[in-house]
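Here is what each chain is made of, one letter per residue.
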Amino acid sequence: MKTIIGLEIHCQLDTRTKLFCGCSTDYRDDAPNTHVCPVCLGLPGSLPRLNRKAVEYALRVGKALNCRIATEAEFSRKNYFYPDLSKGFQITQHNRPVAIEGYLDIEGDDGEKRVRITRVHMEEDPGRLIHKGGADRPRYTLVDDNRAGIPLIEIVTEPDLRSPKEARKFLTKMRATLEYLGVFDSEKEGSLRVDANISQEGHERVEVKNISSYKGVEKALIFEVTRQRNAIRRGQRIARETRHFVEARGITTSSRSKEMEQDYRYFPEPDLRPIRVCDWAAEIVLPELPDARRARFMEQYGCSLNHARTLTGELRLAEFFEKVADIDTALAATWIADTLLGELNYRDMSIVLVPLGQFRELLVLLKEGSITDKSGVEVLRVLLDQLKERGTCEGARECVDRLRLRVISATPSLSGEDPVLKAVQESIAEQPQAVADFRAGRKEALNFLVGMVMKKTRGCAKPGDVNRILLDLLEEA
Ligand code: ZN
Ligand code: MN
């Protein structure tokens, strides 16, 4: 059964002030309703004044997504009654959006794939509603208008995506592109929100709303594909409806869609004039975008395609890599893409929390051979745990010395006092079965013995030394 997915992405533009007034957009840690004025509260008689920067940002997005830019864009009123917008309508773009008919190339399920972009339009974010007593059956609802009037772009795709995984890959690329453009900050909570249209070929489509986290998208879509397929298998008809994603439970629930399907009675916003954007867009020079940076990383640093793709998949990760690459490009690429990233994901931490100085120190220790790879991972874990717990961490060298992780290297003469030699001798004495197995030609017994020695040396012996001495002694006897 073929799955068909199209996305609508709402993305907050990272301007300093709101779309139609001078209120600050930096509201996240502040008390409710402290970033408001007559305009964003929608008081009668107040007039909107368009934020020039927001238009420029929207044009950057339109250009980066290979869109046709409108000659003139125009704002419209979308009328609806809901407490998240007290003036009774949202200022958005309806008939004349800033940009249409673009595309974004992604690494899809079956290789390179072009996902078509239907349109990019600007609009204001509504206020935030806080339902007290749970979203299902709230006892009462609070309104916080700090978010009201934050500039948004809405990016609408054609139904070109074929699986939840592909949708996630598309969003990852989109998020990176928006960050590279300098118009969006993914670290801010709720700055990217997604609605998804999803169907099985030949059946009705369902709109899943309220996917408020980037990570929730794949989960919501996987749930919905399973739900729809099960229903079809049981011979049920898929209802065309709007469903709500309940993040905490990982499910979608039917929302009373009748109230949503109202006539918005769009009409041109009389308080704002159409804006000439085509010539303006032509003057905008785009920064380096993810694909270009990926190619540069392969060329300039000799990164593999996989490493280059991973490292450029997030702006801050790419920048972080470039700040440590001078130590050793291959070492830096491997340790960031293969180790650091996994450890961060495991702890649900972001790269912005990792102090550059400590990580550089760790790379230097690895580069000069002062610690083994195994110890390197251990140090990294200790430092990340400290960061997660208290926001700071000790130095990498300090940590290595405290945990006594400096590499033990076998002395060339291998006197009886050599700690590596001692550990090898002990292991051989303690594991006669493994020794016998090895001599009987079972090579995996050697790995077992290496593991024993590494354990005895707490991972501080060089694997090369251990192998060499083990083989010497095994063959000697
Ligand atoms: Zn305001
Ligand atoms: Mn919208």
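From a predicted model like this one, the values you see are computed outputs, not experimental measurements.

*Asks:* Go over the sheet that holds strand S10 (residues 151-157), please, and point to the residues and values.
*Replies:* Backbone-to-backbone hydrogen bonds pair the strands of a sheet. The strands run either parallel or antiparallel. Strand order in the open sheet formed by 9 strands is S2-S6-S7-S10-S1-S11-S12-S13-S14, and the pairing between neighbours is mixed. The strands lining the two open edges of the sheet, one partner per strand, are strand S2 (68-69) and strand S14 (251-254). With 3 bridges connecting them, strand S12 (residues 206-211) and strand S13 (residues 242-246) associate as parallel partners. Of the residues in S13, the one forming a bridge with Lys209 is His244.

*Asks:* Tell me what's going on with the coordination of the manganese ion (ligand 2), and back it up with residues and numbers.
*Replies:* Of the protein atoms, only His10 (NE2), Glu123 (OE) and Glu154 (OE) coordinate the manganese ion (ligand 2), at distances of 2.0 to 2.2 Å. Between the donor residues of the manganese ion (ligand 2), the gaps in sequence give the motif H-x112-E-x30-E. One end of the pair, His10, is in strand S1 (residues 3-12); the other, Glu123, is in strand S7 (residues 111-124), and 113 residues separate them in sequence. Its relative accessible area of 14% is what places His10 among the buried residues. Judged by relative accessible area, Glu123 falls into the buried class, the value being 4%.

*Asks:* Quick one: what's the story with the pairing of S12, residue by residue and with numbers?
*Replies:* Across 4 bridges, strand S11 (residues 192-200) lies against S12 in antiparallel orientation. Among the inter-strand pairings, Asn197 is bridged to a residue of S12, identified as Glu207. Adjacent in sequence and paired antiparallel, S11 and S12 are bridged by 5 residues, among which Gly202 carries a positive phi angle near 90°. A crossover links S12 with its parallel partner S13, the connecting element being helix H4 (residues 216-233), and its sense is left-handed.

*Asks:* Which residues make up the packing of helix H10 (residues 356-367) against helix H11 (residues 373-390), and what are the values?
*Replies:* At their nearest, the axes of H10 and H11 sit 10 Å apart, and the two run at 165° to each other. Judged by the angle between their axes, H10 and H11 are roughly antiparallel. The chirality of how H10 crosses H11 is right-handed. Contact with H10, carried on its side by Gln358, Phe359, Leu362 and Leu366, involves Asp373, Gly376, Val379, Leu380 and Leu383 of H11 and no other residues of that element. For the contact of H10 with H11, the residue count by class is 6 nonpolar, 2 polar and 1 charged.

*Asks:* Tell me about the state of the cysteines, and please be specific about residues and values.
*Replies:* Evaluated as defined, the whole model comprises 0 disulfides. The structure places no disulfide on Cys11, whose sulfur is separated from the nearest cysteine sulfur, that of Cys67, by 14 Å. The exposure class of Cys11 is buried, given its relative accessible area of 0%. This cysteine, Cys67, is not joined by any disulfide, and Cys278 carries the nearest cysteine sulfur, 12 Å off. Relative accessible area serves as the criterion here: at 13%, Cys67 is assigned to the buried category.

*Asks:* Tell me about the pattern of salt bridges, and name the residues and values.
*Replies:* For the structure shown, the criterion picks out 44 salt bridges. One salt bridge connects Asp195 with Lys209, and the closest N-O pair in it is separated by 3.4 Å. Taken together, the residues Asp195 in strand S11 and Lys209 in strand S12 connect sequence positions 14 residues apart. We note a salt bridge from Arg240 to Glu204, for which the minimum N-O separation is 3.6 Å. Residue Arg240 is located in the loop between H4 and S13, and its partner Glu204 is located in the loop between S11 and S12; the two are separated by 36 residues in the primary sequence. On the basis of relative accessible area, Glu204 is assigned to the partly exposed category, the value being 34%. Because the salt bridges share partners, they merge into one network encompassing Glu224, Arg227, Glu241 and Arg243.

*Asks:* Pulling in residues and values, what's your account of unusual backbone geometry?
*Replies:* In this model, Asn33 sits at a positive phi of 60°, which is unusual for a non-glycine residue. Tracing the chain through its elements places Asn33 in the loop between S1 and helix H1 (38-41). Backbone geometry at Glu101 places phi at a positive 55°, although glycine is not the residue there.

Conventions used here
One numbering rule holds for all chains: residues counted from 1, following each sequence as written. Chain A is the first chain written and ligand 1 is the first ligand written, with later ones labelled in order. Where local features are concerned, this predicted model is filtered to residues with pLDDT of at least 70; where side-chain atom pairs are given and counted, the filter is 80 or more; whole-chain, interface and lining totals use all residues. Excluding hydrogens and water, the side-chain figures rest on all heavy atoms present in the structure. Any two strands are treated as partners once DSSP identifies two or more bridges connecting them. Only DSSP runs of H or I covering at least 4 residues are called helices, and only runs of E covering at least 2 are called strands; the numbering of each starts at the N terminus. Here the coordinating atoms are restricted to nitrogen, oxygen and sulfur within 2.8 Å of the metal centre, or 3.2 Å for Na, K and Ca, and because water is not among them the sites may look incomplete. Under the scheme applied here, a residue whose accessible area is under 20% of the maximum for its type counts as buried, over 50% as exposed, and between as partly exposed, the area being computed with a 1.4 Å probe on protein chains only. The path from the first strand over the helix to the second decides the hand: if it runs clockwise while the strands point away from the viewer, the crossover is right-handed. An axis is simply a line fitted to the C-alpha atoms; with a helix, the fit covers only the stretch in contact. Between two such axes, the angle follows the N-to-C directions and lies from 0 to 180 degrees. Any angle between 65 and 115 degrees counts as roughly perpendicular, while under 35 counts as roughly parallel, over 145 as roughly antiparallel, and the rest as oblique. If you view the pair so one helix is near and one far, a crossing is left-handed when the near helix is turned anticlockwise from the far one by less than a right angle, and right-handed when it is turned clockwise. Throughout, a contact is declared for two residues whenever any of their heavy atoms are within 4.5 Å. All amino acids are sorted into three groups, where Ala, Val, Leu, Ile, Met, Phe, Trp, Tyr, Cys and Pro are nonpolar, Asp, Glu, Lys and Arg are charged, and the leftover types, Gly among them, are polar. For the purposes of this analysis, a disulfide is any pair of cysteine sulfur atoms at a distance within 2.5 Å. Salt bridges, as used here, are contacts in which a Lys or Arg side-chain nitrogen is within 4 Å of a carboxyl oxygen on Asp or Glu.

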